[in-house]
Amino acid sequence: MLLLLTKHWTPPKDFTFPVTEMYNKKRKFQRHWLDTYSWLVYSPAVDGALCKHCMMFATGGDKGKFVRTPFRNWNKAVDEIKEHSSLAYHQDAMAKSEKFVYNMRNPEATIKCKLNEEAAKQISTNRQILASVFKCVIFCGKQNLALRGHRDDGILEEKNRSMFNALLNFRIDAGDEVLKEHLASCDERASYISKTTQNRMIEIVGEQIRENILKEVKSARYFAVLADEVTDTSNWEQMSLVLRFVDSQQDIREEFLAFVPCEEVSGEGLTNKIVEKLEEWGLDVADIRGQAYDGAANMAGKFKGVKSRILELNDKALFFHCASHCLSLCVVKACQVPYVKNMMGTMKQLALFFSNSPKRQRKLEQVIGDAMPDSRKEKLVDLCRTRWVEKIQAFETFALLFKPVIDCLGQITEDKATWDSKAVIEASGLLSSMSCGSFLTAFIVTQECLQYLKPLTVKLQKVAQDVSSAYKEVADITQCIKDLRDNVDKAFHVWFQKARTMAETLGVTIEKPRVAGRQTLRDNQPADTPEVYYRITVAVPFLDHLCTELQSRFQNSQLAGDGLQLVPSCIAQLPKGFTSLPDGIKGLASLWEADLPAIGGIQAEIHRWAVKWCTAAESCPVPTTLVEALKHCDSEYFPNIHKMLQLLCTLPITTAECERTNSSLRILKNFMRSTMVEDRLNGLALMCIHWGMTIDIEAAVDTFAQKFKTHMTFLPKHLLKM
């Protein structure tokens, strides 16, 4: 029957229909009737027209013409065909025929429960129940809330104080009658709120988020790998994997995909884990165009690190040492100057002196309130060992609260009746250390120099930063530090006056320390005045260290400089009528020759690109970064330039996104829930980190129904509509 309905005989184009004489006129079947009326068929055996649907499925009515007997009255064919189309039994036959064809082509749609209307309603109810449970799981995941309580055995109990059960009760109180009825009447094995079901749902939602991201990565094709290791609460080594790519909207994206537990933390073991995950996600190692890690030997080692092993697999996977780590190391080395190191130790002790005692902290807040009633700062910030933005903020807070801190320490030192001897001795020692000229001078010098680095520190951590702009800004900061060093006499004179002002607050005078000929553990520099002495022993070595470290640690500036030559604000400055490619662009074209779509026309394309922006510079703003240039580049008119800009924007700057995911891991896997299987951890992490991504609940229910064998029936929603 299916063949008769779908593959019946159709007259070929060269077929000649027989002519019949009617009412002294020659009449015959017209081919266009077959095109106009899909139900109509022609039988050459009887030279007549038939309705293929009514012949098989019509019931009741006068089934003469087109059904039991072929229609041959061509003189009245149009009217008779229209009349048959409007008959009720014909419409019913058409519907039955269409459903028959669908069921034959989709045998799964003929399940008894689908044919039964009551069963279809039950399926819809089951899906609604599962969707409600999914929403509770997703809410907990996005808000980083622990789902499980003391026991989660699939029973909704008042004694179980888990967040997940509380949300279920909240939905019921809010009017979810379907969920209420289900949980009140369901079997314990079919409640779908147990820890096993939670794990399944978390895994499904996590996979959906990951697949959405991977779809965009595959669309971009080229990507960079960012990785960083951290030890979680359960003492497991976890590696955060993040991919950087340019999406279809020409925006730079850095997306977290998984935490990978690592039993072996050697370069080989970590490389194998990264490659295994990329292959599992359907990504080709050959499409990696950049990699960024910290400076640990197992990650950035020249011979056996992850960097080197990935380069062996793909020599285009350029390595970039995390710029934020580099900048941090520059400051760490500069702070090894003895006076600066001692000053920072004193500041750390001072912060701990107050933070370790609520009584001392209340005293400090009282003094601050009396001296500075409008101040929002009431607590000293500890000098974070790794986060230099916080360290700069610690300097700013200390400078603001300097006078109240001095007063507070003085009151503690004098009031021996109220404070214990340990607090008095510590306060006296801190006050003495802060009164030294070396402390005050080192504080001002360090604060003033770090102010140059603060904007760079913040900007490097932004996802949308491109490699050329980043290294150009590093070069600019380095030049600023050089300028300070070249004019250190003038710069330090201003800084020394600020140190003197702080000394006046303390009621002391900055003096040159005693110089001993045989002493080797402090600077014995010859100097006529305290200003000269501290300039030589603090400012000069600090600036020298900082400048040298910035120059030595940021060595990928060549590629960054080459990339800048593609930026419209730079290329517009090329001489008119140039006959050869600039060296930087020539180097990029050589590096990515296999990736460029039309390498043969690169010179003409660069010329057109330069002319475009030379002309546009007079009428509109010219892009000054690679990201802006990419958004203004037509991929069809400038295919090679567009591809080079995309690859340059794909190159990583920092592993800040990995660090942010590690922070999420510390909140997610804490001492209250330190044991968690890998799939559950990654599912919750994906929901928490990508909290803004929309989850398709219906697709999640479909996946659950197809992936797991359950007591209740959950058929895909599109089948219920048939």
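So, here is what we can say about the structure in this document. (Residues numbered from 1 in each chain as written. Predicted model: local features only at pLDDT ≥ 70, side-chain atom pairs only at ≥ 80, totals over all residues. Heavy atoms only, no water.)

What about the packing of aromatic side chains?
- Taken as a whole and assessed by the stated rule, the structure comprises 32 aromatic pairs.
- Plain terms: the ring middles of Tyr 533 and Tyr 534 are 5.1 Å apart, the flat faces sit at 80° to each other, and that makes the pair edge-to-face.
- Aromatic ring contacts, followed pair by pair, group Trp 9, Phe 15, Phe 17, Phe 29, Trp 33, Tyr 37, Trp 39, Tyr 42, Phe 66, Phe 71 and Trp 74 into a single cluster.
- Directly above the ring of Trp 419 sits Lys 359, whose terminal nitrogen or CZ lies 4.6 Å from the centroid.
- Sitting above the plane of the Trp 613 ring, Lys 612 keeps its charged end 5.0 Å from the centroid. (Phe/Tyr/Trp six-rings, centres within 6.5 Å; stacked < 30°, edge-to-face > 60°. Lys NZ or Arg CZ within 6 Å of the ring centre and 35° of its normal.)

Remarks on the pattern of salt bridges
- Considering all chains together, one arrives at 30 salt bridges under this definition.
- As a salt-bridge pair, Asp 251 and Lys 631 come within 2.4 Å of each other at their nearest N and O atoms. With Asp 251 in the loop between strand 6 (237–246) and strand 7 (252–261) and Lys 631 in helix 28 (residues 626–631), this residue pair connects regions lying 380 residues apart in the sequence.
- On the accessibility criterion, Asp 251 (31% relative accessible area) is partly exposed.
- Of the residues examined, Lys 631 reaches a relative accessible area of 43% and is grouped as partly exposed.
- Taken together, the shared-partner salt bridges in this structure form one network comprising Glu 216, Asp 247, Arg 253 and Glu 255. (Salt bridge = Lys/Arg side-chain N within 4 Å of Asp/Glu carboxyl O. Helix = DSSP H or I, 4+ residues; strand = E, 2+ residues; numbered from the N terminus. Buried < 20%, exposed > 50% of the residue type's maximum accessible area, 1.4 Å probe, protein only.)

As for the packing of helix 14 (residues 323–334) against helix 23 (residues 530–553)
- Where helix 14 meets helix 23, the axes come as close as 8 Å, and the angle between the chain directions of the two elements is 150°. Relative to helix 23, the element helix 14 is oriented roughly antiparallel. As helix 14 runs across helix 23, the sense of the crossing is right-handed. Contact residues: Cys 326, Leu 327, Leu 329, Cys 330, Val 331, Lys 333 and Ala 334 in helix 14; Phe 542, His 545, Leu 546, Glu 549, Leu 550 and Arg 553 in helix 23. (Axes fitted to C-alpha atoms, helices over the stretch in contact; angles between N-to-C directions. Parallel < 35°, antiparallel > 145°, perpendicular 65-115°, else oblique. Left-handed = near helix turned anticlockwise from the far one by under 90°. Contact = heavy atoms within 4.5 Å.)

Brief notes about the packing of helix 16 (residues 358–371) against helix 18 (residues 402–414)
- The contact between helix 16 and helix 18 brings their axes to 9 Å, and the two run at 130°. As far as their axial angle goes, helix 18 and helix 16 are oblique. Pair helix 16 / helix 18 crosses with right-handed handedness. Residues Lys 363, Leu 364, Val 367, Ile 368 and Ala 371 of helix 16 lie in contact with helix 18, whose contacting residues are Pro 404, Val 405, Asp 407, Cys 408 and Gln 411.
- Per-class residue counts for the contact of helix 16 with helix 18 are seven nonpolar, one polar and two charged. (Nonpolar A, V, L, I, M, F, W, Y, C, P; charged D, E, K, R; others polar.)

What to know about the sheet that holds strand 6
- Taken in spatial order, the five strands line up as 7-6-5-8-9 in an open sheet, and their pairing is mixed. For this open sheet the edge positions go to strand 7 and strand 9 (318–321), each flanked by a neighbour on one side alone. Going from strand to strand, the sheet's axes swing by 25° on average, the running direction of each strand aside.
- Here helix 13 (residues 306–313) sits on the sheet in contact with strand 8 (288–293) and strand 9, set at roughly 175° to strand 8. (Pairing = 2+ DSSP bridges.)

Quick word on the environment of Gln 497
- Tracing the backbone shows Gln 497 in helix 22 (residues 488–506).
- The class of Gln 497 is partly exposed, set by a relative accessible area of 32%.
- In sequence terms Gln 497 and Asp 176 are 321 residues apart; their C-alpha atoms lie 70 Å from each other.

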